[in-house]
Amino acid sequence: MSRRPYLRKVERSWWLQHPRYISYMIRELTSLFVGLYCVLLAVGLVRLSQGHSAWDGFVANLSSPLGISFQSICLVFAVYHSVTWFALTPKAMPLMVKGEPVPGIAIVGAHYVAWAVVSAVVLIGAGI
Amino acid sequence: MARSNKPILWLPFAGGGLVAALITPVLILITGILVPLGVLHLSYETLAAFAHHPIGKLILFGAVALPAWHAAHRLRMTAHDLGLGGGIAVKAACYGTAGLVILASAVALIAI
């Protein structure tokens, strides 16, 4: 006997049918820009390993109009990833302290503090 | 209990999501805004010295490899959501690109 499970037809444009679905898709697509920026970073490491002039060429490309526009778009999506990722943390890893649940706002807040600290350390390390 | 390879995919996915959330925006701010504006200067000597130190290598590798893996896994799931299926082509494109990024970073960092 063959199984014939019912498969409901899903339109490819399903995510355009409700604002919540659209914001979900934008949230998931942040990963495309995070991924593309990782490709850029990997290229940077390869150029760094190739010596002084290769690195200087890479830095010059970062500052080209194309480099700046691409990275500006990446920055918007990366920040959106941070905000949405932190917003999910109380649901993804709820904490209990002495049998009481830690309020979500405290977990989210701790992540924002960590974000500020990491950003400050990197900026100071980079010579700000 | 049934064994699953899901945790192997999931742990770096979640770790990568956190690393991407904490460090990626400030890196883009530096390479994409502050360096082009001339506020910061990423000199070869400073960066090479940082990448030469074992801890520097580890930090740089983590900052590239973990978000890359996170992005690959999430894009594969999003491709499925968009009706592109869970086929081998999508898997190869996502994990293949991430694998290349991770490998190239590791090789470059070892060479520095």
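What counts and how
- Residues numbered from 1 in each chain as written.
- Chains lettered and ligands numbered in written order.
- Predicted model: local features only at pLDDT ≥ 70, side-chain atom pairs only at ≥ 80, totals over all residues.
- Helix = DSSP H or I, 4+ residues; strand = E, 2+ residues; numbered from the N terminus.
- Rg over C-alpha atoms; globule rule 2.2 N^0.38 Å.
- Buried ≥ 20, exposed ≤ 12 C-beta atoms within 10 Å, placed from the backbone.
- Contact = placed C-beta atoms within 7 Å.
- Arc of directions from axis to C-beta.
- Core = buried A, V, L, I, M, F, W, Y, C linked by C-beta atoms within 7 Å.

1. Focus: the overall build of chain A
Counting its regular elements, chain A contains four helices and two strands. Along its sequence from the N terminus, chain A presents helices and strands in the succession α-α-α-β-β-α. In terms of overall size, chain A is more extended than a compact globule, its C-alpha atoms giving a radius of gyration of 21 Å where 128 residues would be expected to give roughly 14 Å. When its C-alpha atoms are laid out on the principal axes, chain A stretches across 65 × 50 × 35 Å. Taken across its 128 residues, chain A has 22% of its residues classed as buried. Across chain A, the fraction of contacts at a sequence separation of at least 24, relative to all contacts at a separation of at least 6, is 40%.

2. Thoughts on the overall build of chain B
A tally of helices and strands in chain B yields four helices and zero strands. Secondary structure elements in chain B, listed N-terminal to C-terminal, are α-α-α-α. By the compact-globule yardstick of 13 Å for 112 residues, chain B is too spread out, its C-alpha radius of gyration being 17 Å. In terms of principal-axis extent, the alpha carbons of chain B reach across some 50 × 30 × 25 Å. The proportion of buried residues among the 112 residues of chain B is 37%. Of the contacts formed within chain B by residues at least 6 apart in sequence, a portion of 73% connects residues at least 24 apart.

3. Quick look at the interface of chain B and chain A
If you look at the interface, chain B gives 40 residues, while chain A gives 43 residues. Residue assignment for the side of chain B that touches chain A shows that the elements contributing at least two residues are helix 1 (6–37), helix 2 (44–52), helix 3 (54–81) and helix 4 (88–111) of chain B.

4. A look at the environment of Ala 49 of chain B
With respect to the element layout, Ala 49 of chain B can be found in helix 2. Judged by C-beta crowding, with 12 C-beta atoms within 10 Å, Ala 49 of chain B ranks as exposed.

5. Notes on helix 2 (residues 52–62) of chain A
Buried residues of helix 2 of chain A: Trp 55, Phe 58, Val 59 and Leu 62 of chain A, and no others. One side of helix 2 of chain A holds all its buried residues, which, seen down the axis, span an arc of 95°. Opposite the packed face of helix 2 of chain A, turned more than 90 degrees from it, sit the exposed residues Ser 53, Gly 57 and Ala 60 of chain A. Elements in contact with the buried residues of helix 2 of chain A: helix 1 (19–49) and helix 3 (65–92) of chain A together with helix 1 and helix 2 of chain B.

6. Observations regarding the environment of Ile 102 of chain B
Residues and elements named next belong to chain B. Along the polypeptide, Ile 102 turns up in helix 4. Given 20 C-beta atoms within 10 Å, Ile 102 falls into the buried group. Sequence-wise, Ile 102 and Leu 66 are 36 residues apart; in three dimensions their C-alpha atoms are separated by 8.5 Å. Those residues within four positions of Ile 102 in sequence are excluded, and the remaining contacts are Ala 65 and Ala 68.

7. A closer look at the nonpolar core
With 50 residues, the main nonpolar core has Tyr 37, Cys 38, Leu 45 and Ala 78 of chain A together with Val 64, Ala 68 and Ala 98 of chain B as its most contacted residues. At the level of secondary structure, the elements contributing two or more residues to this core comprise helix 1, helix 2 and helix 3 of chain A together with helix 1, helix 3 and helix 4 of chain B. When residues of this core are assigned to their parent elements, the largest contribution, 13 residues, is made by helix 1 of chain B. Residues within four places of Leu 45 of chain A in sequence aside, it is in contact with Leu 60, Val 64, Ser 105, Ala 108 and Leu 109 of chain B.

No statement about biological role is implied by the geometric values presented.
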